[in-house]
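One letter stands for each residue in the lines below.
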Amino acid sequence: MGTDQVAAIRDAIVDGADSETIAGLPVPDVYRAAVVRAAEQEMFAGIASEDKDPRRSLHIDEVPVPELAPDEAYVAVMASSINFNTVWTSIFEPMSTFAFLSRLGRESVWGARHDRPYHVLGSDASGVVLRVGSAVRNWKPGDAVTVHCNHVDDQDPTAHDDSMLASNQRIWGYETNFGGLGEIAVVKANQLMPKPAHLTWEEAAVNALTNSTSYRMLVSPNGAQMTQGQTVLIWGASGGIGAYACQYVLNGGGTPVGVVSSPERAALLHELGVEHVIDRRAEGYRFWSDDGTQDPGEWRRLGKKIRELVGVDPEIVFEHPGRQTMGASVFVCSRGGTIITCAATSGFMIEYDNRYLWMNQKTLKGCHFANYREAWEANRLICEGQIHPTLSAVFAFDEVAEAAYQVHKNLHEGKLGVLVLAPKEGLGVTDHAMRERLLPQITLFRRHDEKKDTA
Ligand code: NDP
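Calculation notes
Residues numbered from 1 in each chain as written. Predicted model: local features only at pLDDT ≥ 70, side-chain atom pairs only at ≥ 80, totals over all residues. Heavy atoms only, no water. Helix = DSSP H or I, 4+ residues; strand = E, 2+ residues; numbered from the N terminus. Rg over C-alpha atoms; globule rule 2.2 N^0.38 Å. Contact = heavy atoms within 4.5 Å. Pairing = 2+ DSSP bridges. Axes fitted to C-alpha atoms, helices over the stretch in contact; angles between N-to-C directions. Buried < 20%, exposed > 50% of the residue type's maximum accessible area, 1.4 Å probe, protein only. Expected span 1.5 Å × (residues − 1). Polar contact = N/O pair within 3.5 Å; in protein donor to acceptor, adjacent residues only side chain to side chain. Right-handed = clockwise from strand over helix to strand, strands pointing away. Parallel < 35°, antiparallel > 145°, perpendicular 65-115°, else oblique. Left-handed = near helix turned anticlockwise from the far one by under 90°. Nonpolar A, V, L, I, M, F, W, Y, C, P; charged D, E, K, R; others polar.

(A) Up close: the overall build of the chain. When helices and strands are tallied, the chain shows 18 helices and 20 strands. Compactness check: the chain gives a C-alpha radius of gyration of 22 Å against a globular reference of 23 Å for 455 residues, within 12% of the reference. With the C-alpha coordinates aligned to their principal axes, the bounding extent of the chain is approximately 65 × 50 × 45 Å. Relative to all contacts within the chain whose residues are 6 or more apart in sequence, the contacts with residues 24 or more apart total 73%.

Put into structure tokens, the structure is as follows:
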């Protein structure tokens, strides 16, 4: 029954059904979703991080559709994406996300719905609003949307300056259940944003988490607030957040210096418009001479390379690899500059030489996702064709674990999309003229990936 009802929803969306028709479709009792299971939380005990394999822990299960709270919407998910937090959830690092769900479960009656023996993950989605709760005013069934992942309770006073500072701020689909890697997602109304009309479902699905993060890190006053003419060192510049960071620096009149780990990635960045690229593997940087000792000579070598390329030290360093690179990032940042960090992929116990920070009056600033306003502005720039998706490959729903594995192993560029209800790629575009005009930019990462496959 659930399957038939989900199929009816999918067909209605593909046929372009109107709001009334969508509102009249029954909401199924069950849906298919990508989950990790509480019973398997210990499955990787004793295994090194790099060997923990999402293909063992991620499953497509049929799960019940939860009741809808008054401030929420059901979204029929056409496509979603893999984020690095999909990897974290699926390898149960740095902690099992079931701890987040049980904490949320203790907060309220509605929170209790999230505390289940399975976790529907996924922090991105594009799709169509299926139903709205009684308190939702700005959205209706049939609206084509993308979803950002900032989950806040708007009755909490601490959520009313910068909602990323709210005491109960969470990342949807990571610290909450019912995320975007399922046929139906449960989201708060204040997570909804309009779907860019010139993009397909899969192109529209991959932006919100990484694009909004890069926007806050570089553009927003809550981040580094880059100004024209500044030089920005971007680690992982062809990756999920890095490729949007490059676009923001270029659009804002700055000079990006992108760091990558292969000549192919360097070529991709050149095509994106990034002139100065450092191949960290070819340069052979060894910032750590062993597990406990860093080599300042290697930091200096990186700094010299950047000066050779652009003649100055970077005013902003876009940091996220963490332990492996932070010592170098603090060192190469200019006097008075900012190291803006949102992550620590290679380890979160960080070491750097504090003398370079205080004597040269640098700022090390933490940054996390984006508030609704920032996510909305970042989405507006996508809608206007000023920032472009970095979708490089698309996976069927049943291949979600393989897609997560590829991100875990750093085998991808840009973003990986996942078709959920969308029966094939290429659907969902309503502004064909705009798409035609921007096609080379929209498909840049995709074309690069195809070249890689045929090489
Ligand atoms: P990706 O895997 O898509 O990209 C990361 C890039 O970092 C890779 O392409 C790789 O590029 C580079 N990299 C990986 N390891 C190292 C290393 N040891 N030294 C130098 N570079 C390295 O991930 P995302 O860009 O999506 O996310 C990056 C991090 O940011 C993750 O930890 C993620 O969880 C976090 N994140 C945090 C957010 C927040 O709100 N706080 C939001 C989004 C992401 P190459 O090998 O080519 O150099």
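Alright, that's what it looks like, and here's the rest.
(B) Highlighting the sheet that holds strand β16 (residues 316–319). Spatial ordering of the open sheet is given by β13-β12-β11-β16-β17-β18, a layout of 6 strands whose pairing is parallel. A single partner strand is all that each edge strand has here, and the edge strands are β13 (276–279) and β18 (363–366). The mean inter-strand angle of the sheet, taken between neighbouring strand axes irrespective of direction, is 20°. Those strands touched by helix α8 (residues 208–218) are β11 (231–234), β16 and β17 (338–341), and its axis lies near 150° from that of β16.

(C) How the structure looks around the pairing of strand β5 (residues 125–132). Most of β5 is tucked away: 6 of the 8 residues are buried. As defined by bridge partners, strand β3 (residues 72–82) adjoins β5 across 6 bridges and the pair is classed as antiparallel. When the bridges of β5 are listed, Ala76 appears paired with Val128. Here 4 bridges tie β5 to strand β6 (residues 144–147), and the two strands are oriented antiparallel to one another. Its bridge partner being in β6, Ala125 is matched across the sheet by Val147.

(D) Structural detail: helix α15 (residues 372–383). In this model, α15 (12 residues) spans 16 Å end to end at C-alpha, consistent with the 16 Å of a helix rising 1.5 Å per residue. Buried residues of α15: Glu374, Ala375, Glu377, Ala378, Asn379, Leu381 and Ile382, and no others. Lining the buried residues of α15 we find β6, β10 (192–194), α8 and α9 (242–251). Regarding α15, its N-cap is Asn371, as a side-chain oxygen of that residue lies 3.2 Å from the backbone nitrogen of Arg373 further along.

(E) Molecular detail of the pairing of strand β19 (residues 391–395). For β19, the tally of buried residues reaches 5 of 5 residues, placing the bulk of the element in the interior. Pairing of β19 with strand β20 (residues 415–419) involves 4 bridges; the strand directions are parallel. Bridge assignment links Leu391 to a residue of β20, and that residue is Lys415. As a crossover connection, the stretch from β19 through helix α16 (residues 400–408) into β20 is right-handed.

(F) Structural context of the packing of α8 against α9. Between α8 and α9, the least distance of the axes is 8 Å, while the angle of their chain directions is 45°. Considering the angle they form, α8 stands oblique to α9. α9 is crossed by α8, and the crossing has right-handed handedness. Here α8 contributes Thr210, Asn211, Ser214, Tyr215 and Leu218 to the contact with α9, which in turn contributes Tyr244, Ala245, Tyr248 and Val249. When its residues are assigned to classes, the contact of α8 with α9 shows 6 nonpolar, 3 polar and no charged.

(G) Representation of the side chain of Asp162. Counting through the fold element by element, Asp162 comes out in the loop between β7 (150–151) and β8 (170–171). Within the local environment of Asp162, its side chain forms a polar contact with the side chain of Arg216, the two groups lying 2.7 Å apart. Separated by 3.0 Å, the side chains of Asp162 and Asn371 make a polar contact. With sequence-adjacent residues up to four places away left out, Asp162 is seen in contact with Arg216, Asn222 and Asn371.

(H) Region of the structure containing the packing of α8 against α15. Contact geometry of α8 with α15 gives a least axis separation of 9 Å together with a crossing angle of 110°. Relative to α15, α8 is oriented roughly perpendicular. Regarding α8 and α15, the two cross each other, and that crossing is right-handed. For the pair α8 and α15, the contacting residues are Asn211, Ser212, Tyr215 and Arg216 in the first and Glu374, Ala375, Glu377, Ala378, Asn379, Leu381 and Ile382 in the second. Split into classes, the residues belonging to the contact of α8 with α15 amount to 5 nonpolar, 3 polar and 3 charged.

(I) Summary view of the sheet that holds strand β1 (residues 30–37). Pairing is antiparallel in the open sheet, where 3 strands are placed in the order β2-β1-β4. Taken across any chain shown, the strands that pair with only one partner, and hence form the sheet edges, are β2 (59–64) and β4 (118–120). Each strand axis lies, on average, 60° off the axis of its neighbour in the sheet, ignoring direction. One ladder, built from 6 bridges, connects β1 with β2; its direction is antiparallel. When the sheet's bridge partners are listed, Val35 is paired in β2 with His59. Along the sheet, helix α5 (residues 98–105) makes contact with β1 and β4, crossing β4 at roughly 90°.

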